[in-house]
Amino acid sequence: MINDEKKLLEYMSNFYKISADELTQKYTMSQLEDAYNEINNKTRYQKYLNKNKSFPSEYVIKEFSPL
C-alpha cells in the first residue's frame, strides 16, 4: 500500500501510461488504491509461482489490469 497520494498517482499514471489528471478524472483515490493493491498482490503471487522466471511488463498489464 502506498500511503502518499502523490506517489500513488505517479505509480498508477506510469503503469497505465496516462497523466495523473486523467486518472483523477476517471477514478477515485479509493479505486486507484484498490487497483494498486491488486496489481501488487497479483504480481507478488506471480513472482512466487515463477521464482526464477521473469515476465515482461506487457504481460503484467494485460493479465492483471483491474481498471
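Before any of the text, the structure's been laid out above.
Asker: What exactly am I supposed to notice about the pattern of salt bridges here?
Answerer: Side chains carrying opposite charge are able to pair once their charged atoms draw close together. With the rule as written, the count across this model stands at one salt bridge. A salt bridge links E38 to K42, with the shortest nitrogen-to-oxygen separation between them at 2.9 Å. Pair noted here: E38 and K42 are both in helix 3 (residues 29-49), with a separation of four residues, about one helical turn. Using a relative accessible area of 30% as the deciding quantity, one classes E38 as partly exposed. When its relative accessible area of 33% is taken as the criterion, K42 is described as partly exposed.

Asker: Got a minute to help me understand helix 3 in this structure?
Answerer: Residues lying three or four places apart along an α-helix face the same way, a consequence of the helix completing one turn every 3.6 residues. The end-to-end C-alpha distance of helix 3 is 30 Å, a good match for the 30 Å that 21 residues give at a rise of 1.5 Å each. Of all the residues in helix 3, the buried ones are M29, L32, A35, Y36, I39, T43 and Q46. In a view along the axis of helix 3, the buried residues occupy a sector of 125°, so they form one face of it. Exposed residues lying more than 90 degrees from the buried face of helix 3 are R44, Y45 and Y48.

Asker: Any chance you could explain the environment of K6 here in plain terms?
Answerer: Residue placement: K6 occurs in helix 1 (residues 5-16). Relative accessible area serves as the criterion here: at 63%, K6 is assigned to the exposed category.

Asker: So what exactly am I meant to see when it comes to the packing of aromatic side chains here?
Answerer: The geometry of two aromatic rings is summed up by the distance between their centres and the angle between their planes. Tallied over the full model, the rule gives three aromatic pairs. The interplanar angle of 15° and the centroid separation of 6.3 Å between the aromatic rings of Y11 and F15 together place this pair among those described as stacked. Here Y11 pairs with F15, and both are found in helix 1, just four residues apart, close to one helical turn. Exposure remark for Y11: the relative accessible area of 34% places this residue in the partly exposed category. Using a relative accessible area of 12% as the deciding quantity, one classes F15 as buried. For the ring pair Y11 and Y36, a centre distance of 5.0 Å and an interplane angle of 85° mean the geometry is edge-to-face.

Analysis parameters
Residues numbered from 1 in each chain as written. Predicted model: local features only at pLDDT ≥ 70, side-chain atom pairs only at ≥ 80, totals over all residues. Heavy atoms only, no water. Salt bridge = Lys/Arg side-chain N within 4 Å of Asp/Glu carboxyl O. Helix = DSSP H or I, 4+ residues; strand = E, 2+ residues; numbered from the N terminus. Buried < 20%, exposed > 50% of the residue type's maximum accessible area, 1.4 Å probe, protein only. Expected span 1.5 Å × (residues − 1). Arc of directions from axis to C-beta. Phe/Tyr/Trp six-rings, centres within 6.5 Å; stacked < 30°, edge-to-face > 60°.

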